[in-house]
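Structural description and commentary
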Amino acid sequence: MTNRLKVPSTARLVLEQAIRLYTSPLEKAYVNAIDFSEISRLSRDLTRAYPPIADTVYYRKLAVREVIRQSMDLHPVLQVLILGAGLDPLSLYLLEHYPGRTSRIVEVDNGYIEEKKKIYEEILHITGPLHFLRCDLTDTVLLEAMLKQAGYVPDEPAIIIFEGVIHYISNESFVQMMQLLVTPQQHHLGVLDFSLALEEVPDNFLVYHRNTVKVIETHLNSIPNLNTRQQIRDLVARFGRLEYFEPLCDTERKFTGTNRAFHQPGHGIVEMAVFSL
């Protein structure tokens, strides 16, 4: 590709930090279509403030993929909704590893969704059950209409990825999304990562946590939404049923057999909640 897609550092951040995850042919081709030539100040400052940031992003994404694998073992065909999709090529992972197993994959974001679609179509020649929706997730009226237009069927089981969402919206806005997607049978599975409130973070990790919040506030000019586990438990209970929490130390040990970066719950800034909806 001669003209790579240039995007701001905030949009590239996840790709930069999770680069070692993208090893398949399609994922490599996609990443090669993004312009990483300029140094990302946000990525640099985050790494200085919080050296394990790349491990946090990497294990968070491994945890999401493991939930997908387990769900695919239970259902012959699934819908996948990726809310707050960003530039992450999770759709490519699904198409490569679970061909014919998704009735539709719907990516929703409020920025760079058209550019991402262009790479998929022109560079990777991706067809298949993919839909790209530009929508503010907090506009649930528009979101509902666009999901319906994309073929989303509430009666069919779905995996709903809320990765990187609740950090930047209010809890009430998230509840409204849950209300839109809840099913009587609770046959959807939601995957949510959330930023831990300070009281949930062990003393030996507090300096990393505070520094990370400060960098995000400076670069994004907004205060990240932090939550305790009980707040997330209560939030999910409004319309769903919590299945489990997974701290990063458990994810790291699951995939590596040891704990090198994260040694106890609360290490790693974020944790994951999986719930039926």
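Reading the values: the criteria
- Residue positions are given per chain, counted from 1 along the sequence in the order it is written.
- With the structure being a predicted model, the display of local features is reserved for residues of pLDDT at least 70 and the display and counting of side-chain atom pairs for 80 or more, all residues being used for whole-chain, interface and lining totals.
- With hydrogens and water stripped out, all remaining heavy atoms of the structure feed into the side-chain values.
- Side-chain rings of Phe, Tyr and Trp, where Trp is taken by its six-membered ring, are said to pair if the distance between their centres is within 6.5 Å; with planes under 30 degrees apart they count as stacked, over 60 as edge-to-face, and otherwise as tilted.
- Put simply, DSSP H or I for four residues or longer makes a helix, DSSP E for two residues or longer makes a strand, and each gets a number counted from the N terminus.
- The rule for a charge over a ring is simple: NZ of Lys or CZ of Arg within 6 Å of the ring centre, and within 35 degrees of the ring normal.
- The pocket and cavity definitions rest on a 1 Å grid over protein atoms only: a 1.4 Å probe that fits but cannot leave marks a cavity, an open set with protein on both sides within 12 Å along at least five of seven lines marks a pocket, and residues lining either have an atom within 4 Å of a point.
- Grid points are joined across faces, edges and corners, and a volume is the space filled by probe spheres set on the points.
- Throughout, the ten residues Ala, Val, Leu, Ile, Met, Phe, Trp, Tyr, Cys and Pro are labelled nonpolar, Asp, Glu, Lys and Arg are labelled charged, and all others, Gly among them, are labelled polar.

**Re the packing of aromatic side chains**
Across all of its chains, the model carries twelve aromatic pairs by this definition. Taken together, a centroid distance of 5.5 Å and an interplanar angle of 55 degrees make the contact between Y50 and Y208 tilted. In this pair, Y50 sits in the loop between α3 (41-49) and α4 (53-74) while Y208 sits in helix α9 (residues 206-220), placing the two residues 158 residues apart along the sequence. Between Y93 and Y98, the aromatic rings sit 6.2 Å apart at their centres with planes inclined by 75 degrees, giving edge-to-face as the arrangement. Cluster of aromatic residues (ring-pair linked, three or more members): Y50, Y58, Y59, F205, Y208 and F262. The ring centre of Y58 lies 3.9 Å from the NZ or CZ of R20, which sits over that ring. A cation over an aromatic ring shows up here: R65 above the ring of Y93, its NZ or CZ 4.0 Å from the ring centre.

**Digging into the layout of surface pockets**
Within this model, the second largest pocket holds a volume of roughly 180 Å³. In terms of lining residues, the second largest pocket is bounded by 13 residues, among which Q70, S71, L74, H75 and L189 are the most central. Broken down by secondary-structure element, the contributors of at least two residues to the lining of the second largest pocket are α4, β4 (158-162) and β7 (241-247). Of all the elements, α4 adds the most residues to the lining of the second largest pocket, at four residues. Looking at the lining of the second largest pocket residue by residue, the class counts come to eight nonpolar, four polar and one charged.

Bear in mind that shape data such as this cannot, by itself, settle questions of function.
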